[in-house]
Amino acid sequence: MIGTLIYYALFPLTKLIGRLSESWWKVHPGHPVFINGKEVWDGGGAPFRRLSEQQTALLDQWRSTGSEPLEKPKPANQERGNAEGLVEGRFVLEREVVAEVKKEQEMDLLHKDTENICSADPAGPDPESLEEARAFSSVMEKDASDLPEVKREETIPSGNESDGLNVLDEKDEVEKLFSTIEWTEVQGAAALGSKGGVLYKEERRNHKEMEETTADSQPEEKSCRKTGESEAQVVEGSSVFNLSALLADGHAESLNSFTQFQSVPAGWHFPVGLGLSEAVCYPSVQFPTMSYYPAFRENNSLEVMWRVWEDLNEDGDYSIAPPTACVDPCNKFTFTVMSYNILAQDLLEANYELYLHCSEGMLAWENRVHAILKELQTWEPDIVCLQEVQENHFLEQMHPALIEMGYICIYKQRTGTKTDGCAVCYHGDRFIQLSVSLLEFRRHDCELLDRDNVGIVLLLQPISEHGEGLQFSPICVANTHLLFNPRRGDVKLAQLAIVLAEIDSVVKQCKTKGSDCEVILCGDLNSLPNMPLYQLIATGQLYYHGLPAWMVSGQEDLSYKIHHRRLYAPLWPSSLGISDYCQYSSVYEPHTKSSGKLQYNHDFLQQLRYCQAACVRPADLEFIPGVTDNKPNPEEKQLFSPSRFKNTICHGLNLSSVYSPYIADTERCAVTTLHSEGAAMVDYIFYSTGQGGSGVCKDRKNGLKLLGRLTLLSEADLWSMNGLPNEMFPSDHLSLLAKFQLG
Amino acid sequence: MNNKFDALKDDDSGDHDQDNGSPKDSEKEKTEDEEKDQNTTKRKPVVPGAGEHPLQYNYTFWYSRRTPGRPASTQSYEQNIKQIGSFASVEQFWRFYSHMIRPGDLTGHSDFHLFKEGIKPMWEDDANKSGGKWIIRLRKGLASRCWENLILAMLGEQFMVGEEICGAVVSVRFQEDIISIWNKTASDQATTARIRDTLRRVLNLPPNTIMEYKTHTDSIKAWEDFHGLVNASGGR
């Protein structure tokens, strides 16, 4: 609600201010043009123009005259869509400006700082940058003439000197708007305090990294320690100063996306892939309503306008201290994980009717693979779990590209005649592979498991960037794509049990060696949130007795059917070798652990219950009527078997989902897949939280900490972009991306 | 000397500690000596048979039952508790277990005890004296399954608390059944927490099940207070 108000109120205002500032800059070319680190890094990207004190003073004047009641002018629709990116940046700038007016001392400090940056910057000292900026605006003019309709709004401020007059003509409106901004300022502050807070944090870090990059002239800077150092310098300024500089970056970023969108002449070059934290600071996060308007078409990089990085680091108090991960880089390991069903081309073509809403071009593999790889380059996840990876496409196109990007890949094709499969790729400089298991769910001796789905379970050892002697826990990464068939929840559960049993076995092997093991389970589970299959993963157990099989995944409501396949014990035959605890029954075959203990699990012990030796009455057993006069009866076997009593399956991994079923602060469902027959959340990243015990065990240190995630979108959001796949999202699934901290 | 035993036998308060199947009397340690001799001579040391699956520890089944009606005043707890047999392997365990009645089918005021060989199911045993137990009270109908799950977890070393586990008891009472698991060191909170968590997992308990930890010293004190026998025990 507030977001909407702010949006409607501020949009025209920011547009005007944008024009104003640009035209002002045109009229007074003598004003200093400040270039922050970003442009240099870009090799001469979009110059950023900051309002001078003179300007802000004028604005201040306007503000003081503005006393008319609050009003919500309706923005012109056609411009709105086109200008989204810029408007966002300017909106932030505008608020920033107001803050500056109030605090001139900080302003001075800011100037000083930006000058410092400029002078420290070998590539772009002030005068040169100014020229670049001019060149830039002429470029914009040129492009604008090529694409007059789309860029009209941009053309006006950059090309037309008389525009300033136009703005003045509209002064009445401006006054109204300023009365609005006074109001908005308060609201905005509140909104920023709550929703936007995280955003600022991210931006702040972003800023630091960029500064660092400037100093080092390196295209990418991932080292936490270095960032931390540069942070230390920056923190010496006041917090207001930091905020300002950061917002400036946000603005610059928006401009960059804009310039990238322009057909840039040769000689300009832009970074191939934005680092995670660089790319995520788009201010548009504050305005969920923005996403209902179509954005630029031709630009893949603008996906970040729609899907926003959400920082969840609850104790990362960025406004006071540097990010936790950077303060103490030596005992933390942060990494990102992506799960992505990229829609195999064969499956797309086999189910063409699901994609009739898409243009031919959007469905062409060549276009899609380009966009998929671009998405990977944008985010550079440390671990990528892909589903529906078609083998020939993987071998010919994706694998070489992934290797180029520094990934080591494991691929498992589905069984039978299926052409696609799963892949897990990890950055070779961040992890060492300890073990790999390729899972096939088809079992020839089991009627239930007659489907061709597969999974991959990897054990990865994080490589410590800083520590000699510091050893992080290994991470077990499982990736799978469960059966789609909405009616066969029984099969899905059995397939999932195989994955869980394999994870359990990997974790146990780690524990045998004396180390903890964290777990990431991700993939396309073809099941909806909070439905039984999900419950099994998230709560650790599922009571299934009599459950209709379709309900397990909840993909479709088949309750209208007369006949339901229902779940009864045993869910899977014991020949599968997996217990109701989703563990391999044979794991507990007598083995001597490091402790020297002979361990047997329940199921193993039960197997021996009616063995020959056990059915003979012990010679020394005194006969006490009513106490020791029982006779072994193999037929009572069922009596105490788990199936008879429990009708429950469970697992011992403490797993939580990265994503909640709803878009934050709304009641709209978040979806991970969409095609013409529906939309739902079926992809997940689950991670081990290590909350094994309560109370006493509270201070256990293991478990992964979720630091952030790339937000999902609602079905309406996606349909406003013509559904999936579309120009921004090349699959009928969205990528899931999460950042974790270990240690 | 036999006061406590007598009192115990007279006790009808079904939900006191001794009902968990472990009435105590320090006195009996002396009187027991003959019986101990008797047991050791009677029973050969148990070893796993060829090809059997050895257990980490040998265990002994015990059975106790309060005599219906007025118990003979001369009977001691010690006399009232019976060794059923010891075993060293999974197969041997099943031999005994399969020939025993399920706890849920026991009649009267009875207990099964399963303790490591050499540890008596008594508070005063050296292994138990600074220990305690987790107590789970069960509505009727659950005891057989829970008991089986509990002892299988214990025999299979699922509790992962080193040597801490002493044994387990199932107590059949009039309106409820009680299962408990005893460990050596009541003050070791990490151990007791781990035991509790394992219990929750292996017993598959209803979510609202109440679990209570009680040290044996508290049990003894409560028992003595209840029976007004502080002086008697003080004189031991």
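The following paragraphs examine the structure supplied in this document. Computed from a predicted structure; not experimentally measured.

The rules behind these values
- Residues numbered from 1 in each chain as written.
- Chains lettered and ligands numbered in written order.
- Predicted model: local features only at pLDDT ≥ 70, side-chain atom pairs only at ≥ 80, totals over all residues.
- Heavy atoms only, no water.
- Helix = DSSP H or I, 4+ residues; strand = E, 2+ residues; numbered from the N terminus.
- Contact = heavy atoms within 4.5 Å.
- Areas by Shrake-Rupley, 256 points an atom, 1.4 Å probe, with all protein chains shown as cover.
- Salt bridge = Lys/Arg side-chain N within 4 Å of Asp/Glu carboxyl O.
- Buried < 20%, exposed > 50% of the residue type's maximum accessible area, 1.4 Å probe, protein only.
- Pairing = 2+ DSSP bridges.
- Axes fitted to C-alpha atoms, helices over the stretch in contact; angles between N-to-C directions.
- Parallel < 35°, antiparallel > 145°, perpendicular 65-115°, else oblique.
- Left-handed = near helix turned anticlockwise from the far one by under 90°.
- Nonpolar A, V, L, I, M, F, W, Y, C, P; charged D, E, K, R; others polar.
- Expected span 1.5 Å × (residues − 1).
- Buried area = accessible area lost by both parts, 1.4 Å probe.
- Polar contact = N/O pair within 3.5 Å; in protein donor to acceptor, adjacent residues only side chain to side chain.

Let us now look at the overall build of chain A. A tally of helices and strands in chain A yields 23 helices and 19 strands. Look at the contacts in chain A between residues 6 or more apart in sequence, and 75% of them connect residues 24 or more apart. Of the roughly 29,800 Å² of accessible surface on chain A, a fraction of 52% belongs to carbon and sulfur atoms.

On to unusual backbone geometry. All names here are of chain A. The amide bond that connects Ala569 to the next residue, Pro570, takes the cis arrangement and shows omega of -10 degrees. Backbone torsion omega between Leu724 and Pro725 reads -10 degrees, so that peptide bond is classified as cis. On the secondary structure map, Pro725 appears in the loop between α23 (715-719) and β19 (736-742). Notably, Asn722 is not glycine yet its phi reads approximately 70 degrees, a positive angle. On the secondary structure map, Asn722 appears in the loop between α23 and β19.

Let's shift gears to the pattern of salt bridges. A full pass over the atoms with the stated rule returns 19 salt bridges over all chains. Its salt-bridge partner being A:Arg488, residue A:Asp490 comes within 3.0 Å of it at the nearest N-O pair. Here A:Asp490 matches A:Arg488 in class, with each residue buried. Close ionic contact of B:Arg173 with B:Asp111 constitutes a salt bridge, the shortest N to O distance being 3.0 Å.

All right, on to the pairing of strand β4 (residues 132-139) of chain B then. Residues and elements named next belong to chain B. When you tally the buried positions in β4, you get six out of eight residues, the bulk of the element. Across five bridges, β4 lies against strand β7 (residues 211-215) in antiparallel orientation. Opposite Ile135, over in β7, you have Glu212 as the bridge partner.

Here the focus is the packing of helix α18 (residues 489-512) of chain A against helix α19 (residues 532-539) of chain A. Residue and element names in this part refer to chain A. With their axes 10 Å apart at the nearest point, α18 and α19 run at an angle of 20 degrees to one another. Looking at the two axes, α18 sits roughly parallel to α19. Considering how the two elements wind past one another, α18 and α19 form a crossing that is right-handed. Residues Lys492, Leu493, Leu496 and Leu500 of α18 form the contact with α19, whose participating residues are Leu533, Leu536 and Ile537. Grouping the amino acids of the contact of α18 with α19 by side-chain chemistry returns six nonpolar, no polar and one charged.

On to α18(A), then. Residue and element names in this part refer to chain A. With 24 residues, α18 should cover 34 Å at 1.5 Å per step; its first-to-last C-alpha distance of 34 Å lies within 8% of that length. The buried fraction of α18 amounts to 20 of the 24 residues, a majority that puts the element mostly inside the structure. Looking one or two places after α18, you find Gly514, whose phi comes out positive at around 90 degrees.

Here we come to the sheet that holds β19(A). All names here are of chain A. Taken in spatial order, the seven strands make up an open sheet running β1-β17-β19-β2-β3-β5-β4, and their pairing is mixed. Each edge of the sheet is formed by a strand with only one pairing partner; in this case those strands are β1 (309-311) and β4 (407-413). Across the sheet, the mean angle from the axis of one strand to that of its neighbour is 20 degrees, orientation sign disregarded. Against the sheet, helix α16 (residues 365-379) touches β2 (333-341), β3 (383-390), β17 (705-710) and β19, its axis set at about 165 degrees to β2.

Below, the discussion takes up the packing of helix α4 (residues 90-98) of chain B against helix α5 (residues 143-155) of chain B. Residues and elements named next belong to chain B. The geometry of α4 relative to α5 is characterised by a closest axis approach of 12 Å and an angle of 160 degrees between their N-to-C directions. Considering their axes alone, α4 and α5 lie roughly antiparallel with respect to each other. Crossing of α4 over α5 shows right-handed handedness. Two secondary-structure elements touch here, α4 through Phe93, Trp94 and Tyr97 and α5 through Ser144, Trp147, Glu148, Ile151, Leu152 and Leu155. Tallied by class, residues from the contact of α4 with α5 come to seven nonpolar, one polar and one charged.

Turning our attention to the sheet that holds strand β2 (residues 81-89) of chain B. Residues and elements named next belong to chain B. Spatially, β2-β1-β3-β5-β6-β4-β7 is the arrangement adopted by the seven strands of the open sheet, whose pairing is antiparallel. The open sheet terminates on both sides in strands that have one partner only, identified here as β2 and β7. Here the strands of the sheet are splayed against their neighbours by 20 degrees on average, with no regard to which way each runs. Two strands pair when backbone bridges link them, and strand β3 (residues 110-116) and strand β5 (residues 165-172) are joined in this way by six bridges, in the antiparallel orientation. Bridge pairing in β5 links Asp111 to Ser171.

With that settled, the discussion passes to the interface of chain A and chain B. Accessible area lost upon the coming together of the parts serves often as the stated size of an interface. Counting from both sides, the interface comprises 45 residues of chain A and, opposite them, 41 residues of chain B. Together chain A and chain B conceal approximately 3,800 Å² of surface at their shared face, both sides included; 58% is due to carbon and sulfur atoms. Counting the surface chain A buries against chain B, the share from its top three residues, A:Lys597, A:Tyr600 and A:Val627, is 16%. In this assembly, chain A and chain B are joined by two salt bridges. For the salt bridge of B:Glu148 with A:Arg609, the shortest nitrogen-to-oxygen distance reads 2.7 Å. Joining chain A to chain B, the criterion identifies 15 residue pairs in polar contact (both at pLDDT 80 or more). It is helix α20 (residues 602-607) of chain A that contributes the most residues to the side of chain A that touches chain B, four residues altogether. Across the side of chain A that touches chain B, the residue classes tally to 23 nonpolar, 12 polar and 10 charged.

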